[in-house]
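The chain contents come next:
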Amino acid sequence: MRSVTYSMSTSLDGYIVGPDGGFDWTAPDDDVFRFWIDEIRGVGVHLLGRRLYETMLYWETADQDPSLDDAMLEWAALWKPLPKVVFSTTLSAVQGHARLASGGVTEEIERLRAEPGEGEIAIGGATLAAEAAAAGLIDEYRVMVHPVLVGGGIPFFPQRERRVDLELVETRTFSSKFVYLHYRVAR
């Protein structure tokens with residue numbers, strides 16, 4: 001069965017965006033960006049909420065930007081053809097290899113797990129991840145911790161009154177002081 005992973009960057013105090021909605025502090029250095037390129041290779045389909053989808057739209061045409069370096073072009077080449085499922089109540093259409101979800105996150109994940117396919121089912125976006133976590137559907141949490149305290153905003157972890165035991169799979173410290181934490185849900 002395909003695993004469901006929730007992977008995003010977070011501040012040390014646990015937020016994916018700050019209180020002003022900004023996330024300029026999440027810009028990766030070269031080593032971290034190379035790491036994300038390697039990670040996306042294992043993804044078979046990416047589930048996104050509307051905000052993250054709109055942020056990532058840049059990568060649908062980024063390969064046409066002559067100022068991009070080789071790493072950014074490589075990311076664009078991997079991201080653009082990747083199947084994406086967008087959860088939104090306000091969008092009526094999406095672009096590229098994306099489609100609007102026809103049901104809720106639980107139904108979508110169950111459908112994707114039942115279909116033949118390779119690669120992980122990746123979730124991006126805290127709101128969407130909170131729904132999947134509440135239903136017990138997340139198999140792995142992958143957190144890139146940035147060396148900043150933003151003081152509030154949208155938290156990485158869902159705020160549900162539910163205990164989830166985790167098993168440490170991997171940690172990695174990058175020269176730039178970023179720390180990657182990879183946990184598997186203990187079942």
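Refer to the structure above for everything that follows.
Here goes a summary of the coordinates provided. Within each chain, residue numbers correspond to sequence positions counted from 1 in written order. Local features in a predicted model are, by the rule used here, given only for residues with pLDDT of at least 70; side-chain atom pairs are given and counted only at 80 or more, and totals for whole chains, interfaces and linings are based on all residues. To obtain the side-chain values, all non-hydrogen atoms of the structure were included, while hydrogens and water were left out.

For the rest of this paragraph, the subject is helix α1 (residues 30-40). For an α-helix the count is 3.6 residues per turn, leaving residues at separations of three or four pointing the same way. When a residue's accessible area, from a 1.4 Å probe over protein chains only, is under 20% of the maximum for its type it is buried; when over 50% it is exposed; and in between it is partly exposed. What counts as a helix is a DSSP run of H or I of at least four residues, what counts as a strand is a run of E of at least two, and both are numbered from the N terminus. Every buried residue belonging to α1 is among Val32, Phe33, Phe35, Trp36, Ile37 and Ile40, and all of these are buried. Counting of polar contacts relies on pairs of N or O atoms within 3.5 Å, with two restrictions inside protein: one atom must be capable of donating a hydrogen and the other of accepting it, and residues adjacent in sequence are counted only when both atoms are side-chain atoms. The N-terminus of α1 is capped by Asp29, whose side-chain oxygen sits 3.2 Å from the backbone nitrogen of Asp31.

Moving on to the packing of aromatic side chains. Aromatic rings from Phe, Tyr and Trp, with only the six-membered ring used for Trp, were paired whenever their centres fell within 6.5 Å, and each pair was classed as stacked if the ring planes differed by under 30 degrees, edge-to-face if by over 60, and tilted otherwise. Going through the model one piece at a time under the given rule, you end up with twelve aromatic pairs. Ring centres 6.3 Å apart and planes at 75° place the aromatic pair Trp59 and Trp75 in the edge-to-face group. Of this pair, Trp59 sits in helix α3 (residues 58-61) while Trp75 sits in helix α4 (residues 70-79), and the two are 16 residues apart along the sequence. Site record: aromatic cluster; members linked through ring pairs are Phe33, Tyr58, Trp59, Trp75 and Trp79. Residue placement shows Lys84 over the ring face of Trp79; its charged tip is 5.0 Å from the ring centre. Whether a charge sits over a ring comes down to the Lys NZ or Arg CZ being within 6 Å of the ring centre and within 35 degrees of the ring normal.

Counting buried positions along strand β3 (residues 43-49) gives seven out of seven residues, so the element sits mostly inside the fold. Between any two strands, at least two bridges found by DSSP are needed for them to pair. Examined bridge by bridge, β3 and strand β4 (residues 84-87) share four bridges and lie parallel to one another. Bridge assignment links His46 to a residue of β4, and that residue is Lys84.

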